[in-house]
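# Notes for the structure review
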Amino acid sequence: MKSKELITHLFEACKDGRSVSQLHSQILKNGLISNSLFVTKLNSIYTKYSSLELARKLFDETPDRTVYLWNSILRSHCREKQWEVTLHLFNNMLSTTSTMSDKPDNFTVPIAIKACAGLLALRTGKTIHGLVKKNDKINSDMFVGSALVELYAKCGEMGDALGVFEEFPEPDVVLWTSMITGYQQNGNAEKALSFFSRMVMDEGLTPDRVTLVSVVSSCAQLMNLGAGKCVHGFTIKMGFDTDLSLVNSFLNLYAKTGSIRNARNLFEKMYEKDVISWSSMISCYAQNQKPDEALSLFNQMVEKRYDPNSVTLVSVLQACAAAGNVDEGRRIHELAKRKGCELDVSVSTALVDMYMKCSCIEKAVDLFKRMPQKDVVCWGAFISGYAQNGLANESLGIFRSMLSDGTRPDAVIMVKVLKACAELGILHQALCLHCYLVSSGFDDKVFVGAALIDLYSKCGNLENSIRVFEGMNQRDVVVWSSMIAGYGIHGFGSEAIRTFNRMIESSRVIPNDITFLSILSACSHTGLVEEGFKIFDEMVHKYQIEPTSEHYSVMVDLLGRTGKLDKAMEFISQKQVPSGAHVWGALLGACRIHQNVEMAEAVAKKLFRLDPDHAGYYVLLSNIYAVDGKWDSVAKIRNLVKEKGLKRTPGQSLIEVKSRLHTFSAADSSHPEFECISWLLRELEVKMREEGYVPDVDFMLHDV
DNA sequence: TTAGGGTTAG
């Protein structure tokens, strides 16, 4: 008894972590280590002061273990996310001879299940679930229920999760929240919100901070800013607005929905910030076309001694890619190496993407080859990397490698492949891919439909585009824009305008800047000047969309093509257009069509200043001179290009024969059937001349 | 002694 008093006294004196080890040595000195009651009490103190090693040592030294002691050590390992150790200990617990006092109880089971969830060990989890069902007390425990729901949700088995949930006649807020979170994390935000509504409206339960986090995440997933703002109001009313996780989830909501100002305000007013807050704000800028702000925020973060994690690096890399800032990208790469996360899947994928977008193909290839494991996402970055660098055919080759590597494609990958085919204009492959999409069920995704419409129209098969378009039961702004662009490419301007009107009148879809680009270019290709200007005006005033230099160049093209060169010039100067090279390039093209040498010279002068390394503009001017017979001017430009060391990317012709792609470029005789092809061409030329064909000499390339 | 939560890559 004397020693018990001593120990009680010591426990009371133990106010913080430092005195724990003193307490420990006192216990050892007094020979109380075998007293399991005290050991247990000491163990809980160790757990509290987070010294897992000491706690574990004590546990291992104790032969006489109560459930209380087991639970304490299991929970400690679980908190440290040591899932394997936790499960291993749990198995030890099961296999040691069980008396009534050391059997796993309703406190033990949720810990073991959580470890299964952490390892995504569905099988082991199901075995434990089987054991649970035999014990009424454990089976009806709400904590056990939540843990099971979490396990099934993490493994993507929401059906099983629902089965567990429905066994409880009166689920509490935690159990409801587990279901809501489960649906949200499995990409079913609508279901998550409907469960939330049932919980609040039907059951009259009040959500807590954790529930609200999942609800806000669901709103973000659905891009529903309005609903999210309602929840924000409620949060403030409930006094939860200082909860870091919850505020971070609002930050994410504003970031995802492009509400940069809301995000920034919230971020600046935040009572406390952590890495997640900084990462979210950086990603907000990176994903909303503000890469420079993202980079500067990252530097601020580092200055303030916050430690960026791999998620932060991924977001900054995205910003580097968007800004085309390969120097900064390399710096982040070095940082990732130093932090030892260079080869994390997400980091290396972001690096591959960044290098590809900055045209450093070799760097990207090197990294890709070194990646220890490759998933769909990184294959996707690699595939579109090639396509972005003008190597669409090679990107199809990568796709084939992916398949033979045993990686199953998903809808996003398929869209990339469709885009590559569209670039190459290969119809036969398009048809095959479409079949595959139908059989795999990817074709009901809206963005896949949009890509198909684009693909068919670029392969010259507008009928199929229309068929896909009309067959869709849901159409977003991208789908409509693709269809409008399709009509435009094929020269059906008024059909494009009709579709545009149908979109606005019958489906309440709001056109965006790209929709306008498509419709304006349709007008340009069909010579619908008046209609084009009307639509341009609507864009600016009714839809409040600020025209980009691309919009301006389409307008210049529209005027220029129809011969209104002066008006085009006037349009550029009068609108105080941000005169990017595109705009003047369009005008130079128009000068070429209408052979206006004088204006061409003036325009080219501006262009050579704006974009001095663009070989295409020199070629255009040289061709204009050539048509006019000004051969000395042609020669002058030719020398200029030589001096500057500019190279034209050679044009290529592609043809698809029996689903094999054949490519040809100027003065290229490398095709195995070159002789045969040349012979056939000569035959055709003779026949064409016999039919009265006169070649257009103007277009003979006096190439530089 | 328990529990459910927030940021990322194509």
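Please read all numbers here as calculations on a predicted model, not as lab measurements.

Our next topic: the confidence of the model for chain A. Chain-level pLDDT for chain A is 87 on average; 92% of the residues reach the 70-or-more range. The lowest-confidence element of chain A is helix α1 (residues 2-13), averaging 64 in pLDDT; the highest-confidence one is helix α12 (residues 173-185), averaging 97.

In this section: the packing of helix α29 (residues 462-471) against helix α30 (residues 477-489). Between α29 and α30, the shortest axis-to-axis distance is 10 Å and the interhelical angle comes to 160°. Judged on the interaxial angle alone, α30 and α29 are roughly antiparallel. Between α29 and α30 the crossing geometry is left-handed. Judged by residue contacts, Leu462, Ser465, Ile466 and Phe469 of α29 engage Val479, Trp480, Met483, Gly486 and Tyr487 from α30.

Turning our attention to the packing of helix α18 (residues 275-287) against helix α19 (residues 291-303). Two numbers describe how α18 lies on α19: the axes approach to 7 Å, and their chain directions differ by 160°. When the axis of α18 is compared with that of α19, the two are roughly antiparallel. The crossing of α18 and α19 is left-handed. Together, Val275, Trp278, Met281, Ile282, Tyr285 and Ala286 of α18 and Pro291, Glu293, Ala294, Leu297, Phe298, Gln300 and Met301 of α19 make up the contact between the two elements. Residue composition of the contact of α18 with α19, grouped by class: eleven nonpolar, one polar and one charged.

Our focus in this paragraph is the protein's contact with DNA strand B. Near DNA strand B, the surroundings consist of 51 residues, among which Lys114, Val174, Asp243, Asn248 and Gln287 are the closest. Backbone atoms, meaning sugar and phosphate, form 44% of the atoms of DNA strand B found within 4 Å of the protein. Serine 346 has a polar side-chain atom sitting 3.4 Å from a base oxygen of DNA strand B. Residues belonging to the surface near DNA strand B are distributed by class as follows: 18 nonpolar, 21 polar and twelve charged.

This model, assessed by the stated rule, comprises 18 aromatic pairs. Between tryptophan 278 and tyrosine 306 the ring centres are 5.3 Å apart and the planes differ by 45°, which places this aromatic pair in the tilted class. On the criterion of sequence distance, the pair formed by tryptophan 278 in helix α18 and tyrosine 306 in the loop between α19 and α20 (310-323) is long-range, its members being 28 residues apart. Members of the aromatic cluster, joined through ring pairs, are Phe165, Trp176, Tyr183 and Phe195. Above the ring of phenylalanine 368, the side-chain terminus of lysine 374 is found at 5.1 Å from the ring centroid.

Within the fold, serine 76 resides in helix α5 (residues 67-79). Residues in contact with serine 76, not counting those within four places in the same chain, are Thr47 and Leu52.

A word on unusual backbone geometry. One non-glycine residue, methionine 223, lies in the positive phi region at around 55°. Tracing the backbone through its elements, the reader meets methionine 223 in the loop between α14 (209-221) and α15 (225-238). Phi is positive for glutamine 544, close to 55°, though the residue is something other than glycine. Of note, glutamine 544 is situated in the loop between α33 (529-541) and α34 (549-561). The exposed category is assigned to glutamine 544, whose relative accessible area is 65%.

With the rule as written, the count across this model stands at 19 salt bridges. With a shortest N-O distance of 2.6 Å, glutamate 342 and arginine 370 are connected by a salt bridge. Of this pair, glutamate 342 sits in the loop between α21 (326-339) and α22 (345-357) while arginine 370 sits in helix α23 (residues 361-370), placing them 28 residues apart in sequence. Here arginine 370 falls in the partly exposed class, since its relative accessible area comes to 36%. Taken together, the shared-partner salt bridges connect Glu342, Asp366 and Arg370 into one network.

Of all the residues in α23, the buried ones are Ala364, Val365, Leu367 and Phe368. Down the axis, α23 shows its buried residues gathered within 165° of arc, on one side only. Every exposed residue of α23 that faces more than 90 degrees away from the buried side is listed here: Glu362 and Lys369. Residues of α23 that are buried sit in contact with α21, α22 and α24 (376-388).

Mapped onto the elements of the fold, serine 622 is located in helix α38 (residues 615-627). Taking relative accessible area as the criterion, serine 622 reaches 0% and is therefore assigned buried. Note: C-alpha distance between serine 622 and arginine 592 (30 residues apart in sequence) is 9.9 Å.

Thresholds applied
Residues numbered from 1 in each chain as written. Chains lettered and ligands numbered in written order. Predicted model: local features only at pLDDT ≥ 70, side-chain atom pairs only at ≥ 80, totals over all residues. Heavy atoms only, no water. pLDDT = per-residue confidence, 0-100. Helix = DSSP H or I, 4+ residues; strand = E, 2+ residues; numbered from the N terminus. Axes fitted to C-alpha atoms, helices over the stretch in contact; angles between N-to-C directions. Parallel < 35°, antiparallel > 145°, perpendicular 65-115°, else oblique. Left-handed = near helix turned anticlockwise from the far one by under 90°. Contact = heavy atoms within 4.5 Å. Nonpolar A, V, L, I, M, F, W, Y, C, P; charged D, E, K, R; others polar. Near = heavy atom within 4 Å. Polar contact = N/O pair within 3.5 Å; in protein donor to acceptor, adjacent residues only side chain to side chain. Phe/Tyr/Trp six-rings, centres within 6.5 Å; stacked < 30°, edge-to-face > 60°. Lys NZ or Arg CZ within 6 Å of the ring centre and 35° of its normal. Buried < 20%, exposed > 50% of the residue type's maximum accessible area, 1.4 Å probe, protein only. Salt bridge = Lys/Arg side-chain N within 4 Å of Asp/Glu carboxyl O. Arc of directions from axis to C-beta.

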